[in-house]
Amino acid sequence: MANLATGTVTLVFTDIEGSTRLLRELGGRYEQVLEDQRRLIRAAFGARNGSEVDTAGDGLFYAFPRAREALLAAVEGQQALGRHDWPLPVRVRMGLHTGEPMSSATGFVGLDVHRASRICAAAHGGQILVSQTTRDLASDLPGEIVVLDLGEHTLKDLPAPEHLFQVLAPDLLREFPPLRSLDSRPNNLPRQLTTFVGREREIGDAKRILASAPLLTLTGPGGVGKTRLAIEIAGELLDEFDEGIWFVDLGVLTDPDFVVPAIASAIGVMPAPGQPILERVIDHLRGRRVLMVFDNCEHLLDPTARTVDTLLRSCRLLRVVATSREGLAIAGETVRPVPSLSVPDPETAAPDELSQYESIRLFLERAMAASSEFRITDRNAAAIAQICRRLDGVPLALELAAARVRALPVEQIAARLDDRFRLLTGSSRISVPRHQTLRQTIDWSHDLLGEDERAVFRRLAVFVGGASLEAAEAVCAGPPVDPDTVLDVLSRLVDKSLLVADTEENEARYRQLETVRQYARDRLVESGEARDTLSRQRDWYVAMVAQAEPEFFRGVESGASLGRLDREHDNLRAVLQWSLDEPGQERQGLQLAAGLWRFWEIHGHLSEGRAWLEHFLNVTEGEVSALRADVYTGAGILAFMLGDQAAASVLHERSLELHRGRDPGQIAEPAADLQALQVEALGPIELIGSSGHVTEVGQRPRNTPLVADGPGDGQGLVQELCGLFGFALTPEHDSQAVERECLAPAVPRRSKRGDPLL
Ligand SMILES: Nc1ncnc2c1ncn2[C@@H]1O[C@H](COP(=O)(O)OP(=O)(O)O)[C@@H](O)[C@H]1O
Ligand SMILES: [Mg+2]
């Protein structure tokens with residue numbers, strides 16, 4: 001390798017488009033094409049002072065001291081490639097980014113290198129893409145070169161969208177399809193905030209398997225990298241599955257009945273009356289090239305296996321990647337255990353060979369992210385190799401150890417881990433079983449925490465779906481943690497890799513990896529604080545839902561509050577489940593469910609929502625209250641929308657029975673904002689109207705001078721009305737009677753302004 005520039009450099013990646021196709025079509029002549037391509041690029045890049053860092057597959061990786069020279073070299077390289085006489089069209093994509101990567105014995109590492117390579121991957125053959133920094137630094141360009149703004153794009157493994165630019169120059173292609181970014185293909189792959197390392201073989205394998213087999217199951221113990229690998233495989237296949245790649249986390253579900261609804265919700269299939277949701281999902285997937293990723297299948301192995309089996313039998317083009325501690329054992333499945341990352345032998349590996357091992361690369365990436373001064377040196381290389389070997393190349397264990405480099409030199413980390421593992425095996429030479437490695441490393445990392453950090457760490461375990469800062473503050477504070485310090489403690493846990501912070505959206509979210517969360521949950525149970533923490537969490541969500549619900553039908557606010565509930569849905573499910581399971585919590589559960597049914601209705605979680613409502617109605621049997629009346633109404637409406645009319649009318653009848661016993665004045669709660677009320681009340685009527693059963697009764701209330709007076713919250717009235725409409729809408733009932741019985745007592749008052757409400 002030539003002397004590498006240090007400090008600020010411009011990194012250039014190149015890659016041949018469609019190399020497998022070229023190889024297939026050219027056979028033996030491909031080698032020559034590859035060679036010519038390299039020669040032309042090397043000549044152009046060398047002439048502009050670039051140094052070659054690496055040859056990556058069919059592409060090249062160069063570094064330039066100046067952004068302008070790099071950009072001109074890319075243009076000249078493309079022009080030279082364009083002039084060459086190829087046996088078949090050869091197009092090369094190029095990506096440029098300027099940054100300050102760290103140089104190590106074998107080249108550059110760090111986020112800037114990934115960024116440059118991801119930018120290259122987003123380009124099409126013949127296209128030059130540059131990052132914002134490169135564009136800003138490449139001044140003084142000749143007049144015929146123009147830099148075109150392509151806007152922001154989300155690239156794989158990069159925490160924030162990148163602002164990208166295309167270089168236009170004479171003789172270069174100008175027109176390209178949309179960039180190969182995550183935004184250009186329908187998918188819901190979770191954004192990854194850290195760099196990805198290695199696994200080329202596993203990814204290549206997976207692609208080959210999925211070309212013929214419908215189901216690939218990645219197995220292995222927690223922390224070995226199943227989820228990350230599945231996401232990475234899916235990301236590599238975005239081009240092939242252009243009708244959608246959908247990620248479904250089954251680990252957060254509490255009930256086998258929710259597997260199919262969770263899939264429906266991920267692919268955006270709304271339930272329709274009278275048709276089982278599984279059928280709708282199949283209808284949607286049949287004939288489409290879609291890849292689904294089912295994460296954490298072990299959690300609900302049997303129902304998941306059955307569902308995947310049905311889907312694959314009915315949808316020929318569907319492909320599935322599953323992650324699980326064990327295989328699904330269904331036809332068409334290929335099981336691939338996920339190996340640990342490759343590890344060096346600390347006794348024999350030479351320091352400058354170390355970075356070819358995946359575990360070393362991961363450790364270095366994370367250590368440098370934790371402490372910008374961190375470097376691998378001749379002195380510490382052996383200790384790093386020892387850590388990687390000790391931790392068996394288990395990625396999560398490596399991340400936990402690397403996060404400590406800020407406070408401890410690697411030699412000390414190695415020694416302490418050694419002590420711990422020796423306790424287990426009685427010898428430093430015998431290796432600990434792999435499933436024990438992670439557990440021991442988490443233990444070690446946990447032992448190093450302060451009291452307040454431990455308390456927040458274990459309490460966070462109640463958030464299966466991650467926590468906003470406010471939620472964490474409300475639920476995790478309490479002795480020994482002062483509420484004002486929660487944010488600070490969260491940041492310290494993030495620094496120690498025991499917590500992941502996603503701060504890119506306008507609201508920060510904190511989440512524990514599933515394996516870490518399970519560990520934290522055990523600590524929480526041990527501490528005897530589980531019940532208190534769960535009740536605090538429940539109270540927080542009851543309050544949040546109570547605040548959100550009145551906003552559902554209020555224009556702009558409704559989007560925001562529905563979105564908030566959607567983000568919290570996994571946590572809400574867990575809280576509901578706990579309220580069902582835990583004696584004495586039914587009432588609060590009922591209240592929560594009552595506040596959620598409109599959300600379930602609007603977001604199409606009909607069968608799941610109905611199941612929760614009915615569960616809570618059952619466990620509160622005998623209670624006469626407006627709350628239960630409302631929950632009956634909700635269950636009735638969801639049943640109605642699911643096409644179960646018989647059940648809907650029974651449920652509405654129950655609701656009516658409970659309403660009958662109540663004071664009419666209470667039903668016609670005064671409305672402060674007549675305008676808003678009108679909108680709110682019409683929303684659900686039209687929603688139900690669109691399913692085709694409504695029109696007669698649905699129209700009637702509009703002509704009925706239904707009025708309320710005085711200040712106050714119109715929400716109560718609207719809720720009752722929804723219930724009454726829901727009742728009125730079931731065909732078995734005579735609408736006149738409904739109006740007489742239900743609307744009449746609600747209607748008699750006139751507003752002071754005398755405006756009709758509906
Ligand atoms: N190849 C890899 N490159 C970078 N990070 C990885 C890699 N594999 C796993 N990780 C990281 O290690 C941690 C554990 O991986 P994860 O996929 O959650 O494991 P599992 O699903 O098997 O429990 C995560 O933080 C993940 O991002
Ligand atoms: Mg996982």
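You'll find the structure just up there.
The structure contained in this document is the topic of the report that follows. In this text the structure is predicted, and so the values were computed from the model without any measurement.

### Digging into the overall build of the protein
Piece 1. Of regular secondary structure, the protein possesses 31 helices and 17 strands.
Piece 2. A total of 758 residues make up the protein; the buried ones form 55% of that total.
Piece 3. Partitioning the intrachain contacts of the protein with sequence separation of at least 6 by distance along the chain shows that 75% fall at a separation of at least 24.

### A look at the site of ligand 1
Piece 1. Lining the immediate environment of ligand 1, one finds 19 residues, of which Gly223, Lys226, Thr227, Arg228 and Glu399 sit closest.
Piece 2. Taking Val197, its main chain carries an N or O atom lying 2.8 Å from a nitrogen atom of ligand 1.
Piece 3. Within the side chain of Arg366, one N or O atom sits 3.0 Å away from a nitrogen atom of ligand 1.
Piece 4. When the free accessible area of ligand 1 is taken as 560 Å², the share hidden by the protein chains comes to 92%.

### Re empty space enclosed by the protein
Piece 1. The final tally for this structure, using the stated rule, is 5 cavities of 30 Å³ or more.
Piece 2. Lining the largest cavity are Leu155, Lys156, Asp157, Leu158, Leu182, Leu189, Pro190, Arg191, Gln192, Ile231 and Glu232.
Piece 3. Tallied by class, the residues present in the lining of the largest cavity amount to 6 nonpolar, 1 polar and 4 charged.

### Some words on the packing of aromatic side chains
Piece 1. All told, the structure shown has 7 aromatic pairs when counted by the stated rule.
Piece 2. A centroid spacing of 5.0 Å and a plane angle of 85 degrees characterise the contact between Phe45 and Tyr62, whose relative ring orientation is edge-to-face. Note that Phe45 is positioned in helix H2 (residues 30-47) and Tyr62 in strand E3 (residues 59-64), a separation of 17 residues in sequence. Tyr62 matches Phe45 in its accessibility class, with the two residues each being buried.
Piece 3. Three or more aromatic residues link up through ring pairs in this structure, and these residues are Phe45, Tyr62 and Phe64.
Piece 4. The cationic tip of Arg523 hangs over the ring face of Tyr519; the distance from NZ or CZ to the ring centre is 4.6 Å.

### Topic: the sheet that holds strand E15 (residues 467-468)
Piece 1. Pairing within the open sheet is antiparallel, and its 3 strands lie in the order E15-E17-E16. This sheet does not close on itself; its edge strands, each paired only once, are E15 and strand E16 (500-502).

### Things to note about the packing of helix H22 (residues 569-581) against helix H23 (residues 586-602)
Piece 1. Relative to each other, H22 and H23 sit at 145 degrees, their axes nearing to 9 Å. Once H22 is placed against H23, the crossing between them reads as left-handed. Where H22 abuts H23, its residues His569, Leu572, Val575, Leu576 and Ser579 lie against Glu586, Gly589, Leu592, Ala593, Leu596, Phe599 and Trp600.
Piece 2. Tallied by class, the residues present in the contact of H22 with H23 amount to 8 nonpolar, 3 polar and 1 charged.

### Notes on the pairing of E3
If a strand is regular, its side chains alternate between the two faces of the sheet.
Piece 1. Of all 6 residues that make up E3, 6 are buried, and the element is covered over most of its length.
Piece 2. For strand E1 (residues 9-16) and E3, the ladder comprises 4 bridges, and the chain directions are antiparallel. Bridge pairing links Leu11 to Ala63 in E3.
Piece 3. The pairing of strand E2 (residues 51-56) with E3 spans 5 bridges and is classified as antiparallel. Residue Ala56 lies in a different strand from E3, and its bridge partner there is Gly59.
Piece 4. What sits between the antiparallel neighbours E2 and E3 is a turn of 2 residues, in which Gly57 has the positive phi angle 60 degrees.

### What about unusual backbone geometry?
Piece 1. Here the bond from Pro479 into Pro480 is cis, since omega is 0 degrees, no more than 30 degrees from zero.
Piece 2. Position of Pro480 among the secondary structure elements: in the loop between helix H17 (469-476) and helix H18 (486-495).
Piece 3. Positive phi outside glycine occurs at Ala329, with the angle close to 55 degrees.
Piece 4. With respect to the helices and strands, Ala329 occurs in the loop between strand E13 (319-324) and strand E14 (333-337).
Piece 5. Judged by its relative accessible area of 72%, Ala329 falls in the exposed class.
Piece 6. The backbone phi angle of Ser497 is positive, close to 65 degrees, even though this residue is not glycine.
Piece 7. With respect to the helices and strands, Ser497 occurs in the loop between H18 and E16.

### Thoughts on the nonpolar core
Piece 1. In terms of nonpolar packing, the biggest core is built from 140 residues, with Met292, Phe294, Phe363 and Trp600 touching the most fellow members.
Piece 2. Top element by residues in this core is helix H25 (residues 626-641). It accounts for 10 residues.
Piece 3. Contact partners of Phe294, with chain neighbours within four places excluded, come to Val248, Leu250, Ile263, Val308, Leu311, Val320, Val321, Ala322 and Thr323.
Piece 4. Ranked by size, the runner-up nonpolar core spans 36 residues in total, among them Leu26, Leu60, Ile128 and Val167.

### Notes on the pattern of salt bridges
Piece 1. In this structure the tally under the stated criterion is 42 salt bridges.
Piece 2. Between Glu162 and Arg115 there is a salt bridge, with the nearest N and O atoms lying 2.9 Å from each other. Linking Glu162 in strand E9 (residues 162-168) with Arg115 in helix H4 (residues 111-122), this pair joins segments that are 47 residues apart in sequence.
Piece 3. Residue Asp309 is joined to Arg313 by a salt bridge in which the shortest nitrogen-to-oxygen separation is 3.1 Å. Separated by 4 residues within a single helix, Asp309 and Arg313 lie in helix H10 (residues 301-314), roughly one turn from each other.
Piece 4. Sharing partners across several salt bridges, the network here consists of Asp452, Glu453, Asp488, Arg492 and Lys496.

What counts, and where the lines are drawn
Residues numbered from 1 in each chain as written. Chains lettered and ligands numbered in written order. Predicted model: local features only at pLDDT ≥ 70, side-chain atom pairs only at ≥ 80, totals over all residues. Heavy atoms only, no water. Helix = DSSP H or I, 4+ residues; strand = E, 2+ residues; numbered from the N terminus. Buried < 20%, exposed > 50% of the residue type's maximum accessible area, 1.4 Å probe, protein only. Contact = heavy atoms within 4.5 Å. Near = heavy atom within 4 Å. Polar contact = N/O pair within 3.5 Å; in protein donor to acceptor, adjacent residues only side chain to side chain. Areas by Shrake-Rupley, 256 points an atom, 1.4 Å probe, with all protein chains shown as cover. 1 Å grid on protein atoms, 1.4 Å probe; cavity = no way out; pocket = protein on both sides within 12 Å on 5 of 7 lines; lining within 4 Å. Points joined across faces, edges and corners; volume = space filled by probe spheres on them. Nonpolar A, V, L, I, M, F, W, Y, C, P; charged D, E, K, R; others polar. Phe/Tyr/Trp six-rings, centres within 6.5 Å; stacked < 30°, edge-to-face > 60°. Lys NZ or Arg CZ within 6 Å of the ring centre and 35° of its normal. Pairing = 2+ DSSP bridges. Axes fitted to C-alpha atoms, helices over the stretch in contact; angles between N-to-C directions. Left-handed = near helix turned anticlockwise from the far one by under 90°. Core = buried A, V, L, I, M, F, W, Y, C linked by side-chain atoms within 4.5 Å. Salt bridge = Lys/Arg side-chain N within 4 Å of Asp/Glu carboxyl O.

It is worth stressing that arrangement in space is one thing and function is another; only the former is reported here.
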